[in-house]
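Fold and contact review
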Amino acid sequence: MPIIDSCSTHGLMTIEGAREKLLQALRPIHGTETLPLVQSTGRVLAEPVSSSVNLPPCDNSAMDGYALRFADLASGLPLELIGKSFAGAPFEGVVNPGTCVRIMTGAPLPAGADTVVMQEHVEAQAESVRITCEVRKGENIRRRGEDVVEGATLLQAGEPISVAYIALLAAAGVSMVTVVRKPVIALFSTGDELRQPGESLSEGDIYDSNRNALLAALAQMDLDVLDLGILPDNKQAIGDALQRAAREADAIITSGGVSVGEADYTREVLEELGEIAFWKVAMKPGKPFAFGFLQGIPFFGLPGNPVSALVTFYQLVVPALSVMKGNQWSGPKILQAQLLKPLKKKPGRTDFQRGVYRSNENGVLVVEPVGTQGSHILTGLAVANCFIVLARESGSVEAGEQVVIEPLGVPLG
Ligand code: AMP
Ligand code: MG
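What you see is a predicted model, and the numbers here were worked out from it, not measured in a lab.

**Things to note about the domain arrangement of the chain**
- When the domains of the chain are assigned, the result is domain 1 (9-30 + 182-324), domain 2 (33-54 + 148-180), domain 3 (60-142) and domain 4 (335-407).
- Taking only C-alpha atoms, the centre of domain 2 and the centre of domain 4 are 40 Å apart.

**A short note on empty space enclosed by the protein**
- Summed over all chains, the structure comprises one cavity of 30 Å³ or more.
- Considering only enclosed or pocket space, the largest cavity measures out at about 60 Å³ in volume.
- Taken together, Gly 42, Arg 43, Val 44, Val 180, Arg 181, Lys 182, Pro 183, Asp 222 and Lys 325 form the lining of the largest cavity.
- Counting contributing residues, the lining of the largest cavity receives three or more from each of domain 1 (9-30 + 182-324) and domain 2 (33-54 + 148-180).

**Regarding the nonpolar core**
- Among the nonpolar cores identified, the biggest contains 42 residues, and Ile 253, Phe 289, Phe 300, Phe 313 and Leu 321 are the most heavily contacted of them.
- Mapped onto this core, the elements with two or more residues apiece are helix H2 (15-25), strand E13 (184-190), helix H4 (209-220), strand E17 (251-255), strand E20 (290-294), strand E21 (297-302), helix H7 (306-324) and strand E25 (386-390).
- For this core, the element with the most residues is H7, which contributes 13 residues.
- Two domains each put at least three residues into this core: domain 1 (9-30 + 182-324) and domain 4 (335-407).
- Other than its neighbours up to four places away in sequence, Phe 289 contacts Phe 278, Trp 279, Lys 280, Val 281, Phe 300, Gly 301, Leu 302, Thr 312, Leu 316 and Val 317.
- Core analysis: the next-biggest nonpolar cluster, separate from the first, contains 19 residues, Ala 186, Val 258, Val 269 and Ala 290 among them.

**Quick notes on the environment of Ser 375**
- Summarising the element assignment, Ser 375 is placed in the loop between strand E24 (365-369) and helix H8 (378-383).
- Judged by its relative accessible area of 23%, Ser 375 falls in the partly exposed class.
- Here Ser 375 is in contact with Pro 285, Asn 305, Pro 306, Val 307 and Ser 308, once residues within four sequence places are set aside.

**Some points on the site of ligand 1**
- Looking at ligand 1, there are 15 residues lining it, with Glu 193, Asp 208, Ser 209, Gly 257 and Gly 304 nearest.
- In this structure, a nitrogen atom belonging to ligand 1 sits 2.8 Å away from a side-chain N or O atom of Asp 208.
- Side-chain polar atom of Asn 210 to a nitrogen atom of ligand 1: 3.4 Å apart, as the coordinates give it.
- When ligand 1 sits alone it has 490 Å² of accessible area, and the protein chains cover 77% of it.
- Of all the secondary-structure elements, those providing two or more residues to the shell around ligand 1 are strand E15 (206-207) and H4.
- Looking at the shell around ligand 1 residue by residue, the classes come out as four nonpolar, eight polar and three charged.

**A look at the state of the cysteines**
- Applying the stated criterion across every chain yields a total of zero disulfides.
- Here Cys 58 stays free of any disulfide, with the sulfur of Cys 100 as its closest cysteine sulfur at 19 Å.
- In this model Cys 133 remains outside any disulfide bridge; the closest cysteine sulfur is found in Cys 100, 15 Å from its own.
- Relative accessible area serves as the criterion here: at 33%, Cys 133 is assigned to the partly exposed category.

**Comments concerning H2**
- For H2, the complete set of buried residues consists of Ile 15, Ala 18, Arg 19 and Leu 22. With its buried residues spanning 95° around the axis, H2 presents them on a single face. Residues Glu 20 and Gln 24 are exposed on H2 and point more than 90 degrees away from its buried face.
- As for H2, its buried residues are in contact with strand E18 (275-279), strand E19 (283-284), E20, E21, H7 and strand E23 (350-359).

**Topic: the sheet that holds E18**
- If you walk across this open sheet you meet the six strands as E16-E13-E17-E21-E20-E18, and the pairing is mixed. Pairing within the sheet leaves two strands with one partner each, and these edge strands are strand E16 (224-231) and E18. The mean angle between the axes of side-by-side strands here comes to 20°, regardless of whether they run parallel or antiparallel.
- Note that E13 and E16 share six bridges and pair parallel. Directly across from Ala 186, in E16, lies its bridge partner Leu 226.
- Sheet strands in contact with H4 are E13, E16, E17 and E21, and its direction is about 165° off that of E13.

**Thoughts on the side chain of Arg 267**
- For Arg 267, the location among the structural elements is in helix H6 (residues 266-273).
- Relative accessible area serves as the criterion here: at 16%, Arg 267 is assigned to the buried category.
- Apart from the residues within four sequence positions on either side, Arg 267 is in contact with Gly 257, Val 258, Ser 259, Ile 276 and Trp 279.

**Here we look at the packing of H2 against H7**
- Put simply, H2 and H7 touch, their axes get as near as 9 Å, and they point 25° apart. As far as their axial angle goes, H7 and H2 are roughly parallel. Crossing of H2 over H7 shows right-handed handedness. The residues of H7 that touch H2, namely those facing Ile 15, Ala 18, Arg 19, Leu 22 and Leu 23, are Gln 315, Leu 316, Pro 319, Ala 320 and Val 323.
- Classifying every residue of the contact of H2 with H7 by side-chain character gives eight nonpolar, one polar and one charged.

Each value, and the rule that gives it
- Residues numbered from 1 in each chain as written.
- Chains lettered and ligands numbered in written order.
- Predicted model: local features only at pLDDT ≥ 70, side-chain atom pairs only at ≥ 80, totals over all residues.
- Heavy atoms only, no water.
- Domains from an automatic or database assignment.
- 1 Å grid on protein atoms, 1.4 Å probe; cavity = no way out; pocket = protein on both sides within 12 Å on 5 of 7 lines; lining within 4 Å.
- Points joined across faces, edges and corners; volume = space filled by probe spheres on them.
- Core = buried A, V, L, I, M, F, W, Y, C linked by side-chain atoms within 4.5 Å.
- Buried < 20%, exposed > 50% of the residue type's maximum accessible area, 1.4 Å probe, protein only.
- Helix = DSSP H or I, 4+ residues; strand = E, 2+ residues; numbered from the N terminus.
- Contact = heavy atoms within 4.5 Å.
- Near = heavy atom within 4 Å.
- Polar contact = N/O pair within 3.5 Å; in protein donor to acceptor, adjacent residues only side chain to side chain.
- Areas by Shrake-Rupley, 256 points an atom, 1.4 Å probe, with all protein chains shown as cover.
- Nonpolar A, V, L, I, M, F, W, Y, C, P; charged D, E, K, R; others polar.
- Disulfide = S-S within 2.5 Å.
- Arc of directions from axis to C-beta.
- Pairing = 2+ DSSP bridges.
- Axes fitted to C-alpha atoms, helices over the stretch in contact; angles between N-to-C directions.
- Parallel < 35°, antiparallel > 145°, perpendicular 65-115°, else oblique.
- Left-handed = near helix turned anticlockwise from the far one by under 90°.

Written out as structure tokens, the structure reads:
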């Protein structure tokens, strides 16, 4: 077992511990809103929804064919054709012995009939029909209530509404749903060197990639954003923004200023105005990550380095925000893959190396690291489709070894 480097990892929280602490400290936000069904995709249901109808609402035909009485087939005689039943225009009469009705898919089964024979299995004349194939009693009928029974619960409170659920709820006639309201996330970047893309750069300036990426990620997660822009490295400005964010938002995300440099004020200001639950996580990239509360509002202080900011956001803030939205978070979805190139690592922090995984010609999952792994190398993150997760205590890994990978999903995938 390799020795953990205690100089660089002293006082750090493990990624698992950090996640557990975050998730325990957070609750779904209060407040609901009632929306038209089609605007509710991805939202979390606040009240259970039940069906006011049976699905299907009545016995109906699964085929274009003929509705008849099974007992009539024993004689082998042709059946008299007495009418038609269409979806939306049912046959109003009764199928008496010796008769049948032309029926289309979805049309109600006429009274008296107990079986539908598909049209390919009959010889039809103008006024009579002869059955040419073997028939099972009751075939090709969709039964009333076989999908959903009237009064049944379709979806419980706390469940996210997927597109398939929209289909089910619409089929049950639901037009409006009550969902957990959207959390509002306050967001700002800090750094005297930061400029918005489109502005001109002076010596030493860089463009603000973090806030732009986070705006896109929050939009993809269907969250509302209070965008407080780029703040200078100035305690007063950062303090004012944090106070406003705590008044107007449900959570605060910042980037930069949580490390140990002389212009790293965010953590300092948060310590003065609120409380820090933990700071520094044993992960790479992303060691400086601050989590705390300001007037009861959760605060996530991401590191400034662009890859670190997005990796900590994905690993720690996405689970936290999904809990605030009312969702469950069931842990990272991981797979095993064979490493194609060696990876260097010191024990002490969990590594989230950027990689590209695929299934090789033998159907085996393999993964290749994306070259340079620096926490400022955005091209690597951009081409990656997974993290290669190396455990905290693990050292370097050889090519050919099995490693844990985490395929990237929304909002990074
Ligand atoms: P900091 O955490 O503020 O010490 O920043 C660490 C590194 O990340 C520095 O090189 C910063 O210039 C850079 N950085 C900080 N914020 C951003 C940002 N919003 N976009 C891109 N790079 C940033
Ligand atoms: Mg900075």
